[in-house]
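Descriptive analysis of the structure
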2 protein chains.
Amino acid sequence: MNAKIITLSQAMNYDNIDIALFNNPQTIQYLTGYESDPHERILALLLFKDSSPLLFTPALEKEDAQKAVSEIEVFSYLDTENPWEVIRKKVESHQVPVKTWAIEKNHLTVARKEALESAFPDSLFSHDFSGLLENLRLQKEEHELLLMKEAGRFADEAIKIGARFLKEGITEQEVVAHIEYELKKKGISSMSFDTMVLFGPNAASPHGIPGSTTLEKNQFVLFDLGVMYQGYASDITRTLFFGDEPSEIQQEVYQLVLEAHNQAMQQAQVGMRAEELDHVARSIIDQAGYGTYFNHRLGHGLGQDVHEYPSLMAGNEMALQENMCFSIEPGIYILNQVGVRIEDCGYLDEAGFHSFTFFPTHLHAYKDFMNGN
Amino acid sequence: MNAKIITLSQAMNYDNIDIALFNNPQTIQYLTGYESDPHERILALLLFKDSSPLLFTPALEKEDAQKAVSEIEVFSYLDTENPWEVIRKKVESHQVPVKTWAIEKNHLTVARKEALESAFPDSLFSHDFSGLLENLRLQKEEHELLLMKEAGRFADEAIKIGARFLKEGITEQEVVAHIEYELKKKGISSMSFDTMVLFGPNAASPHGIPGSTTLEKNQFVLFDLGVMYQGYASDITRTLFFGDEPSEIQQEVYQLVLEAHNQAMQQAQVGMRAEELDHVARSIIDQAGYGTYFNHRLGHGLGQDVHEYPSLMAGNEMALQENMCFSIEPGIYILNQVGVRIEDCGYLDEAGFHSFTFFPTHLHAYKDFMNGN
């Protein structure tokens, strides 16, 4: 068994948990390496205090799953069977206690918990392993950091692909299509979220949707995108100035966001509280009088999910630790006028913050890039 | 208020529910028209027995949401606030009873239900509206059918794009990239699931993943794909024969799947039980001795989700009704040898089953198509 499953087994012994059921596909991938999206069907990993683990899959997946997890027994159910009854029979055949269960309360639905309660009417389902898993996932292992660096490399590449494709009159949606096409050809089969390319005032909506707006000279182009690489996400935002001379407000807002971004990157360190790092960036923007236009947290953790822990925001007193991975992404959004966000994701160690992405961030980065600098 | 919300209000009165909380983004889109993916944040629609509805969003989305749902009051929370406390205060300010709640047990997580229970310690959360919503969503309205027809038109187009792009030596992943790129240019920003293009024996895995396998002459090419169009999904599968003369086993398997598909399409009618339609197709494949290779249900409902109710499978006695939408997709999968699936989605009315997709299904459909027939 791998180290993560051993850690969970220790927690089960400590908390006197007989059986733990994990049904978040990402947890299952994290713990076993088996990657699958069961959609509305049930995929579950069962760990026992006093028996070997079991992986439960839809019948269609059984062979693939067994190939992927050679050391874990796989059992499965047909669409015509009640999955909870199949689990009950299998668990009973193990003849071990199944009184106290741990579940993933952040992922298990109320309906599924009630189905479990019906199948195991004498059991208790009050214990939650969501927090334990989030904590395990907080600090990445070396092989995870390698995958995240590779995911970051493709994110940088995506910015370059998008930058090269910009021209007057092109639409946001065309740029999105081009970036994703070029990435697909390089073997990237899915993005970590819907690719965002927003022109000019559209960038002032932090959750804008690319559409048929056409690019004009002297506009900002905001790219926010990332890829999935072997189960791990990247995420980058660049706001490129497409033109010759930014207006005063464009310069002022951009330089302010860049300063907040740079300061947060430089000051991030092990032991700092998450809210402190948020404050580093926010105070710079606040002091310049733009505080109300920076209306989201400084950053979010990422790993298998593009949004996981830690959350860099006021009120989060979690101490940042070695091998935590998160985004630093201050932004200023002035409705119908200008929007700028600059984001890098990276990991922390004793030497500081190490970004997974490297596309330059200065105001004329686009022009320099296109000139081959 | 629209007819759907009125139906729910009637159900609330009937069941004496004071407040209903919906947090499935698709439910919210279905009931209000507002489309959003809040990721790990909270988006919720609150209906009251004795007060006007409220839409609760992350602060970032408030303006967009209020624009989209002019007749519903929108309130929101910052990342630094406890969303359940914000809901509690707002609800209390309405000074209406909030003793009995209905929730979506199929979507609400155990953790969120427990957070609600903490915010409203005197309330009961035992009532589930998941089934009611599934039932509402089962029978599509005219405007929904129009969107699904349009989604189907793009799915047909995607098959044509993919077919034209086939050539010896091309990889599955290249075909996927090309299809999605061409669709993006036509304004389709997301597929309804990961596009599947599988060559030869790879098609024998019903949930295969496109990779670097190259196309050879006289192989089947299985396309399984669909698009999202204004919030509605399409889904089509075609298994095209790329070559001159199919082998005996290719012909036999293909014709058998086609016969099962055609018979199910023709015999589908209002009033038939879901399992009966599954049986129509399955018995044809069973009788030819291939029953064990058809290891999934005949079909699934679709609408806002690419998988919703009804499920066409043994054991489902639900009577098929007018304006239900579902797939008919028999398949035969002989490991490492051959895989064929043919799928159309459509809706039912008194005249029978009406497919949303029309790409031809006969064994030489690819050759005919490429010859302009």
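Computed from a prediction, not measured in an experiment: that's the story for all the values here.

Residue and element names in this part refer to chain A. Each assigned domain of chain A is listed with its residue range as follows: domain 1 (3-137) and domain 2 (139-370). Inter-centroid distance (C-alpha atoms) of domain 1 to domain 2 is 36 Å. Contact residues are listed per partner, giving nine residues for domain 1 and 12 residues for domain 2. Summed over both sides, the interface of domain 1 with domain 2 buries roughly 860 Å², with 29% coming from carbon and sulfur. Looking at the side of domain 1 facing domain 2, the largest losses of area belong to K4, Q26 and R137, adding up to 53% of the total buried there. Across the contact surface, domain 1 and domain 2 share two salt bridges. A salt bridge links D305 to R137; its shortest N-O distance comes to 3.8 Å.

Here the focus is the interface of chain A and chain B. Listed by partner, the interface residues are 37 residues for chain A and 37 residues for chain B. Summing both sides of the interface, chain A and chain B together bury roughly 3,500 Å²; the carbon and sulfur share of this comes to 59%. Linking chain A with chain B are eight salt bridges, by the criterion used here. A salt bridge links R297 of chain B to D79 of chain A; the shortest N-O distance between them is 3.9 Å. Linking chain A to chain B there are 14 residue pairs in polar contact (both at pLDDT 80 or more). Broken down by secondary-structure element, the contributors of at least two residues to the side of chain A that touches chain B are α3 (62-68), α5 (110-119) and α8 (172-185) of chain A. Ranked by the residues each element gives to the side of chain A that touches chain B, the list is headed by α8 of chain A, at eight residues. Class assignment of the residues belonging to the side of chain A that touches chain B gives a composition of 11 nonpolar, 13 polar and 13 charged.

As a further point, take the environment of G131 of chain A. Structurally, G131 of chain A can be placed in helix α6 (residues 130-138). We classify G131 of chain A as partly exposed; its relative accessible area is 32%.

Take helix α10 (residues 274-287) of chain A next. All names here are of chain A. Taking 1.5 Å per residue as the helical rise, α10 with its 14 residues ought to reach 20 Å, and the 20 Å between its terminal C-alpha atoms agrees with that figure. A bend of about 30° at A281 is the largest found in α10. Those residues of α10 that fall on the buried side of the exposure criterion are A274, E275, L277, D278, V280, A281, R282, S283, I284 and I285.

Residues and elements named next belong to chain B. With antiparallel pairing, three strands are arranged side by side in an open sheet as β7-β8-β11. For this open sheet the edge positions go to β7 (196-199) and β11 (236-242), each flanked by a neighbour on one side alone. On average, adjacent strands in this sheet sit at an angle of 15° to one another, irrespective of strand direction. Relative to β11, strand β8 (residues 219-225) runs antiparallel, the two sharing seven bridges. The partner of L225 across the bridge, within β11, is I236. Where helix α7 (residues 142-165) meets the sheet, it contacts β8 and β11, and its direction lies at approximately 150° from that of β8.

Okay, the relation of the copies chain A and chain B next. When chain A is brought onto chain B, the operation consists of a screw motion whose angular component is 180° and whose axial shift is 0.0 Å, with 0.1 Å RMSD remaining. Overall, the copies show the geometry of a two-fold rotation axis. Across chain A, the rotation axis passes nearest the C-alpha of T109 of chain A, at a separation of 2.1 Å. Interface overlap between copies is the fraction of interface residues in one copy that are interface residues in the other; for chain A against chain B it reaches 100%, indicating a shared surface.

Moving on to the pattern of salt bridges. Under the criterion given, the structure shown has 42 salt bridges over all chains. E308 of chain B serves as the salt-bridge partner of R137 of chain B, at 2.6 Å between the closest nitrogen and oxygen. Of this pair, R137 of chain B sits in helix α6 (residues 130-138) while E308 of chain B sits in strand β13 (residues 308-312); the two residues are 171 residues apart in sequence, bridging distant segments of the chain. In terms of burial, R137 of chain B and E308 of chain B fall into one category: buried. The closest approach of N and O atoms between E276 of chain B and R273 of chain B, which form a salt bridge, is 3.9 Å. With a relative accessible area of 31%, E276 of chain B lands in the partly exposed category. Judged by its relative accessible area of 35%, R273 of chain B is partly exposed. Within this structure, E40, R41 and D79 of chain A together with R297 of chain B form a network of salt bridges that share partners.

The next point concerns the pairing of strand β15 (residues 331-334) of chain B. All names here are of chain B. Side chains G331 and Y333 project from β15 onto one buried face, and the interleaved I332 and I334 project onto a second face that is buried too. Across four bridges, the pairing between β15 and strand β16 (residues 338-341) is antiparallel. Looking at the pairing, I332 lines up with V340 of β16. The loop that links β15 with its antiparallel partner β16 comprises three residues; one of these, N336, has a positive phi angle of about 60°.

Turning to the pairing of strand β2 (residues 44-48) of chain A, a few remarks are in order. All names here are of chain A. Within β2, five of the five residues are buried, leaving the element largely enclosed by the surrounding structure. The two faces of β2 match: A44, L46 and F48 on one face and L45 and L47 on the other face are all buried. Note: strand β1 (residues 19-22) against β2, four bridges, orientation antiparallel. The partner of L21 across the bridge, within β2, is L46. In this structure, β2 lies alongside strand β3 (residues 54-58), joined through three bridges in antiparallel fashion. Paired with L46 across the bridge in β3 is L54. Here β2 folds back onto β3 in antiparallel fashion, the turn holding five residues.

The rules behind each value
Residues numbered from 1 in each chain as written. Chains lettered and ligands numbered in written order. Predicted model: local features only at pLDDT ≥ 70, side-chain atom pairs only at ≥ 80, totals over all residues. Heavy atoms only, no water. Domains from an automatic or database assignment. Contact = heavy atoms within 4.5 Å. Buried area = accessible area lost by both parts, 1.4 Å probe. Salt bridge = Lys/Arg side-chain N within 4 Å of Asp/Glu carboxyl O. Polar contact = N/O pair within 3.5 Å; in protein donor to acceptor, adjacent residues only side chain to side chain. Helix = DSSP H or I, 4+ residues; strand = E, 2+ residues; numbered from the N terminus. Nonpolar A, V, L, I, M, F, W, Y, C, P; charged D, E, K, R; others polar. Buried < 20%, exposed > 50% of the residue type's maximum accessible area, 1.4 Å probe, protein only. Expected span 1.5 Å × (residues − 1). Bend = angle between axes of the 7 residues up to and from the residue. Pairing = 2+ DSSP bridges. Axes fitted to C-alpha atoms, helices over the stretch in contact; angles between N-to-C directions. Least-squares fit on C-alpha atoms with pLDDT ≥ 70 in both.

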